[in-house]
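Structural overview for review
The primary structure of each chain is shown beneath.
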Amino acid sequence: MQPFTATVIKIIKEIPEGKVMSYGQIATYAGSPRGARQVVRILHSMSHKYGLPWHRVVNKVGEIKISDGHQADRQKELLEREGVFFIRDHQVDMSRSQYDRA
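Residues numbered from 1 in each chain as written. Predicted model: local features only at pLDDT ≥ 70, side-chain atom pairs only at ≥ 80, totals over all residues. Heavy atoms only, no water.

The protein chain has the name MGMT family protein in an unreviewed UniProt entry, where Cytobacillus stercorigallinarum is given as its organism.

**Some remarks on the side chain of Q91**
The topology assignment puts Q91 in strand 4 (residues 91-92). Accessibility expressed as a relative area gives 10% for Q91, which makes it buried. Here V61 takes part through its backbone oxygen, which lies 2.9 Å from a polar atom of the side chain of Q91. In this structure the side chain of Q91 is engaged in a polar contact, spanning 2.3 Å, whose partner is the side chain of R88. Not counting residues up to four positions away in its chain, the partners in contact with Q91 are V61, G62, E63 and F86. (Helix = DSSP H or I, 4+ residues; strand = E, 2+ residues; numbered from the N terminus. Buried < 20%, exposed > 50% of the residue type's maximum accessible area, 1.4 Å probe, protein only. Polar contact = N/O pair within 3.5 Å; in protein donor to acceptor, adjacent residues only side chain to side chain. Contact = heavy atoms within 4.5 Å.)

**Focus: the packing of aromatic side chains**
Scanning the model with the defined rule gives zero aromatic pairs in all. The ring of F86 has K76 lying over it, and the distance from NZ or CZ to the ring centre is 5.3 Å. Taking the ring centre of Y29 as reference, the NZ or CZ of R101 above it sits at 5.5 Å. (Phe/Tyr/Trp six-rings, centres within 6.5 Å; stacked < 30°, edge-to-face > 60°. Lys NZ or Arg CZ within 6 Å of the ring centre and 35° of its normal.)

**Brief notes about the nonpolar core**
Within the largest apolar cluster, 17 residues are counted, with the highest numbers of intra-cluster contacts made by F4, V8, I12, I26, V39 and V57. Going through the elements one at a time, helix 1 (3-14), helix 2 (23-29) and helix 3 (36-50) are the ones with two or more residues in this core. Tallying contributions element by element places helix 1 first for this core, with five residues. Setting aside anything within four residues of it in sequence, one finds V39 in contact with F4, V8, Y23, I26 and A27. (Core = buried A, V, L, I, M, F, W, Y, C linked by side-chain atoms within 4.5 Å.)

What follows is the structure, encoded as structure tokens:
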């Protein structure tokens, strides 16, 4: 496993219940500020294997960006159960729900 991948997995596992992080934010903390697409790939390919809380990762403006409508609704449902705040149907209120591990 590449060091970047291992770090991304560690960061995603650290996101607490009720909070979210963006793909780019995770990439930046993992040492590759331009690696947001790599974070997407890691989530897609390794969430199940490593038990990642995939639903706690959104885009930089808080939008749920899953093309499958059913899965997008599932992500929103999981986040709402954890107490994540939404400002629109599939957009998280990042000012209230974004996790900053700094």
